[in-house]
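The chain contents come next:
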Amino acid sequence: MSIPANLKYTKDHEWVSIEGDVATVGITHFAQKELGDIVYVEVETLDQTLDKDEVFGTVEAVKTVSDLFLPLTGEIIAFNESLESAPETVNSDPYGAGWMIKIKISDASEIDSLLSDEAYKELIGA
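The structure presented is a predicted model; accordingly, all values stated were derived computationally and were not measured.

Participant: Help me understand the sheet that holds strand β8 (residues 74-79) in this model?
Facilitator: Within a beta sheet, neighbouring strands are joined by backbone hydrogen bonds and run either parallel or antiparallel to one another. Pairing in this open sheet of 6 strands is antiparallel, and the strands run β1-β2-β3-β9-β8-β5 from one edge to the other. Two strands bound the open sheet, and with one partner strand each, they are β1 (8-9) and β5 (49-50). Across 2 bridges, β5 lies against β8 in antiparallel orientation. When the sheet's bridge partners are listed, Thr-49 is paired in β8 with Glu-75.

Rendered as structure tokens:
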């Protein structure tokens, strides 16, 4: 199972890539595999500032709908609009083209609460 070492992770199975004060967020390979075939990604929080752990959207698979939790406090500055017409990209490329949102980070100290790739592997038993 793919768990890139250059990313940070959450207990809720999101990955975070940080460049300066912007974080790119998606769901992990483990999460997309557990969900199954993803048919819809909804993010209605674009341009809103949310607190860490607030719901920023949902991902719908054939058999379930799951909330998406914000890994860091900040303003949602971008949504991957290609997911509107091709949500299955989250299944085929969760760490690349399947990214979901970009956040302008409000509190950089929260980055320390994210999991390393090793801690995430331990969490999922990989």
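Participant: Any chance you could explain helix α4 (residues 117-124) here in plain terms?
Facilitator: Within α4, the full set of buried residues consists of Asp-117, Tyr-120 and Ile-124. Considered in projection along α4, the buried side chains sweep an arc of 60° and stay on one side of the axis. Of the surrounding elements, those touching the buried residues of α4 are β1 and α1 (29-35).

Participant: Looking at this structure, I do not really get a nonpolar patch on the surface. What am I missing?
Facilitator: Nonpolar side chains collect at one region of the surface, where Val-39, Tyr-40 and Val-62 lie side by side and expose about 280 Å² of accessible area between them. In this fold, Val-62 is placed in the loop between β6 (55-61) and β7 (65-69). Taking the relative accessible area as the measure of exposure, Val-62 reaches 59% and is therefore exposed.

Participant: Which parts of the structure should I look at to understand the environment of Phe-79?
Facilitator: With respect to the helices and strands, the residue Phe-79 is situated in strand β8. Relative accessible area serves as the criterion here: at 11%, Phe-79 is assigned to the buried category. The spatial distance from the C-alpha of Phe-79 to the C-alpha of Glu-42 is 9.5 Å, given a sequence separation of 37 residues. Beyond its immediate sequence surroundings of up to four residues, Phe-79 is in contact with Val-41, Val-43, Leu-46, Glu-84, Trp-99, Met-100 and Ile-101.

Parameters at a glance
- Residues numbered from 1 in each chain as written.
- Predicted model: local features only at pLDDT ≥ 70, side-chain atom pairs only at ≥ 80, totals over all residues.
- Heavy atoms only, no water.
- Pairing = 2+ DSSP bridges.
- Helix = DSSP H or I, 4+ residues; strand = E, 2+ residues; numbered from the N terminus.
- Buried < 20%, exposed > 50% of the residue type's maximum accessible area, 1.4 Å probe, protein only.
- Arc of directions from axis to C-beta.
- Contact = heavy atoms within 4.5 Å.
- Patch = residues over 30% accessible without salt bridge, like charges linked within 9 Å, V, L, I, M, F, W, Y side chains within 5 Å.
- Areas by Shrake-Rupley, 256 points an atom, 1.4 Å probe, with all protein chains shown as cover.
- Salt bridge = Lys/Arg side-chain N within 4 Å of Asp/Glu carboxyl O.

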